[in-house]
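Okay, here's what each chain looks like letter by letter:
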There are 2 protein chains.
Amino acid sequence: MQRYFVAKKEENNFILNKEDLYHIKTVMRMKNGDSIEVVYQKELYLCSYQDQIAVPIKKIESSMTSSRVTLIIPLVKEQKMDYILQKSTELGVEKIIPYYAEHSVIKIDGKEEKKLERWRKIVKEASEQSKRLEIPEIPAIYTLKQIGDLPGNNLICSTREKTQNIKKYLTNHKNYDRINIVIGPEGGLSLKEEEYLCSCHFTRISLGNYIMRVETVPLYLLSVINYENME
Amino acid sequence: MQRYFVAKKEENNFILNKEDLYHIKTVMRMKNGDSIEVVYQKELYLCSYQDQIAVPIKKIESSMTSSRVTLIIPLVKEQKMDYILQKSTELGVEKIIPYYAEHSVIKIDGKEEKKLERWRKIVKEASEQSKRLEIPEIPAIYTLKQIGDLPGNNLICSTREKTQNIKKYLTNHKNYDRINIVIGPEGGLSLKEEEYLCSCHFTRISLGNYIMRVETVPLYLLSVINYENME
């Protein structure tokens, strides 16, 4: 069933936006009385499409519970970034924060707002395709200091020796609500960057033996956190 | 350091193949005495490049231990297939077996050998990029019966209700050496296909709450199996 995100409610009915109406009428060719799913204020409703509005029939209980994960990702080439955004959304990330890493090869001076707009559009589309209730937030491009100030369980994916692995960490920190993970760029985080974050109470964790591409790390992290949360 | 796979050894030295020699001399512009890594019969050696051969200096111990995972994947569009092959290789799959699913949209009648050749080339390149010791094997395109005859711990990713989740299965089957997992096509396995495999002692497992694209499932599986194996 098709799912649409709405922001407006009048009396008891949901007001569909222009692009979604185009999709419903022209792409899906729906008629009055057809069923659609609507997400309003993070709740999911089964609705009947009726003369350009959605009439709620009943609320659908969500069984999706998971830790709230924020991935802090380095600026990478556009194609890789799009991929990270789509796949992270598919796997349930709550928030994505791009940041400026010392060893990042990409510069986007002056184009930050355009890039943010583009990235937010990508996660919105990915959310609809994945039938997610919530669209991941991309607040801004952070500096190292802003990352250091984040509240929650804060981790750095590190390839340095003598680092505990992620499984040891996750099994010893079962009751985590929020978890923020910094992923380094292809060239790795600099020693200075890692030391700064450690001084802000970030913990280094390793991902075991595999050499993973930077764009694979988000999927790996979200998969294992999701898995660890299974009952 | 660059890593090359060799198949020939003469006396004590490794014979580099033509494409690798081109890479060494023309792309990397190496000189006699430069160090390279060589994989021969699944062992890793530090070598010195010398007049078109590789002279071994010492064997390098591998610390990569993991369950041997075979992913049994439905025929999908070429771009998705390439992606599955590359990512699965990156995440340590041992074997990949494509199969004909009832609901698979792709037909490759008459082109099986060409496709197999292409897929094997992709996993070889992906192995080199991921610095893996072993290149994943792609034996053939299997029928359902051939899948049913596979030895080992056999699983089906199922979205049917009342299926135990993968975490319950993996934590209750800690001493698994070989694990074979069937992934269904976008339209899912048919009831008949699932029942046939269950009659061949395949176990259904679910992947929790997320709706994952067919090309994401291999990454998820390899990530969580790798994670479960961490000490």
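Rules used throughout
Residues numbered from 1 in each chain as written. Chains lettered and ligands numbered in written order. Predicted model: local features only at pLDDT ≥ 70, side-chain atom pairs only at ≥ 80, totals over all residues. Heavy atoms only, no water. Helix = DSSP H or I, 4+ residues; strand = E, 2+ residues; numbered from the N terminus. Buried < 20%, exposed > 50% of the residue type's maximum accessible area, 1.4 Å probe, protein only. Areas by Shrake-Rupley, 256 points an atom, 1.4 Å probe, with all protein chains shown as cover. Lys, Arg positive; Asp, Glu negative; His and termini not counted. Charge placed at Lys NZ, Arg CZ, Asp CG, Glu CD. Expected span 1.5 Å × (residues − 1). Arc of directions from axis to C-beta. Pairing = 2+ DSSP bridges. Phe/Tyr/Trp six-rings, centres within 6.5 Å; stacked < 30°, edge-to-face > 60°. Contact = heavy atoms within 4.5 Å. Buried area = accessible area lost by both parts, 1.4 Å probe. Salt bridge = Lys/Arg side-chain N within 4 Å of Asp/Glu carboxyl O. Polar contact = N/O pair within 3.5 Å; in protein donor to acceptor, adjacent residues only side chain to side chain. Nonpolar A, V, L, I, M, F, W, Y, C, P; charged D, E, K, R; others polar. Least-squares fit on C-alpha atoms with pLDDT ≥ 70 in both. Axes fitted to C-alpha atoms, helices over the stretch in contact; angles between N-to-C directions.

Draft legend 1. Examining the overall build of chain A more closely. Along chain A, the regular secondary structure elements total seven helices and 11 strands. Its C-alpha atoms put chain A at 60 × 45 × 30 Å along the principal axes. Counting over 231 residues, chain A shows a buried share of 51%. In the structure as shown, chain A presents an accessible area of about 12000 Å², 47% of it carried by carbon and sulfur atoms. Side-chain charges of chain A comprise 35 positive and 32 negative groups, with the mean position of each set lying 2 Å from the other.

Draft legend 2. Representation of helix α3 (residues 112-129) of chain B. Residue and element names in this part refer to chain B. For α3, which comprises 18 residues, the first-to-last C-alpha distance of 26 Å matches the rise-based estimate of 26 Å (1.5 Å per residue) to within 8%. Residues of α3 that are buried: K115, L116, W119, I122, V123, A126 and S127. Looking down the long axis of α3, one finds its buried residues gathered within 135° of arc, a one-sided arrangement. Turned more than 90 degrees away from the buried face of α3, the exposed residues are E113, K114, E117, K121 and Q129. Phi for K131, located one or two positions after α3, is positive at around 55°.

Draft legend 3. Layout of the pairing of strand β1 (residues 3-6) of chain B. Residue and element names in this part refer to chain B. Side chains R3 and F5 project from β1 onto one buried face, and the interleaved Y4 and V6 project onto a second face that is buried too. With four bridges connecting them, β1 and strand β4 (residues 35-40) associate as parallel partners. From the neighbouring strand, Y4 faces β4, where its bridge partner is V38.

Draft legend 4. Inspection of the packing of aromatic side chains at higher detail. Scanning the model with the defined rule gives six aromatic pairs over all chains in all. Between F14(B) and Y45(B), the ring centres sit 5.0 Å apart and the planes meet at 50°, which makes this aromatic pair tilted. Here F14(B), found in strand β3 (residues 13-15), pairs with Y45(B), found in strand β5 (residues 43-50); they are 31 residues apart in sequence, far enough to count as distant. Taken as a pair, F14(B) and Y45(B) share a single burial class, namely buried. Of the aromatic side chains, those joined through ring pairs into one cluster are F14(A), Y40(A) and Y45(A).

Draft legend 5. Just the interface of chain B and chain A, in detail. With 37 residues of chain B at the contact, the number on the chain A side is 37 residues. A buried area of about 3400 Å², summed over both sides, lies between chain B and chain A, and 54% of it is on carbon and sulfur atoms. Scanning the region where chain B abuts chain A turns up four salt bridges. Its salt-bridge partner being E90(B), residue R213(A) comes within 3.6 Å of it at the nearest N-O pair. Where chain B meets chain A, there are 17 residue pairs in polar contact (both at pLDDT 80 or more). Elements that contribute at least two residues to the side of chain B that touches chain A include exactly α2 (78-90), α5 (166-172) and α7 (217-228) of chain B. Residues that form the side of chain B that touches chain A fall into these classes: 14 nonpolar, 13 polar and 10 charged.

Draft legend 6. Expanded view of α7(B). Residue and element names in this part refer to chain B. When the terminal C-alpha atoms of α7 are compared, their 16 Å separation across 12 residues agrees well with the 16 Å that a helix rising 1.5 Å per residue should span. Counting buried positions along α7 gives 12 out of 12 residues, so the element sits mostly inside the fold. For α7, every residue scored as buried is listed here: V217, P218, L219, Y220, L221, L222, S223, V224, I225, N226, Y227 and E228.

Draft legend 7. Highlighting the relation of the copies chain B and chain A. Of the transformation placing chain B onto chain A, the axial shift is 0.0 Å and the rotation is 180°, giving an RMSD of 0.1 Å. The two molecules are tied by a two-fold rotation axis, judged by turn and shift. Distance from the rotation axis, computed per C-alpha, reaches its smallest value in chain B at V224(B): 2.7 Å. Here 100% of the interface residues in chain B have copies in chain A that are interface residues too; the copies meet face to matching face.

Draft legend 8. Spatial organisation of the sheet that holds strand β2 (residues 8-10) of chain B. All names here are of chain B. Across the sheet, six strands lie side by side as β1-β4-β5-β6-β3-β2; this open sheet has mixed pairing. Taken across any chain shown, the strands that pair with only one partner, and hence form the sheet edges, are β1 and β2. With direction set aside, neighbouring strand axes in the sheet form an average angle of 45°. Here three bridges tie β2 to β3, and the two strands are oriented antiparallel to one another. The partner of K8 across the bridge, within β3, is I15. Relative to β1, helix α1 (residues 18-27) is tilted by about 155°, and along the sheet it contacts β1, β4 and β5.

Draft legend 9. Region of interest: unusual backbone geometry. All names here are of chain B. One non-glycine residue with positive phi stands out, namely E11, at about 50°. Within the secondary structure layout, E11 lies in the loop between β2 and β3. With a phi close to 70°, H201 is a non-glycine residue in the positive phi region. Assignment of secondary structure puts H201 in the loop between α6 (191-199) and β11 (203-205). Look at H201 and you get exposed, because its relative accessible area is 68%.

Draft legend 10. Focus on the pairing of strand β5 (residues 43-50) of chain A. Residues and elements named next belong to chain A. Across the eight residues of β5, six count as buried, placing the element largely inside the fold. Relative to β5, strand β4 (residues 35-40) runs antiparallel, the two being bridged by six bridges. Residue pairing across strands places I36 opposite C47, the latter belonging to β5. The antiparallel hairpin formed by β4 and β5 contains two residues in its connecting segment, where Q41 sits at a positive phi of about 50°. Pairing of β5 with strand β6 (residues 53-60) involves seven bridges; the strand directions are antiparallel. Counterpart to L46 in the pairing with β6 is K58. The hairpin formed by β5 and β6 contains two residues between the paired strands, and D51 there has a positive phi angle of roughly 45°.

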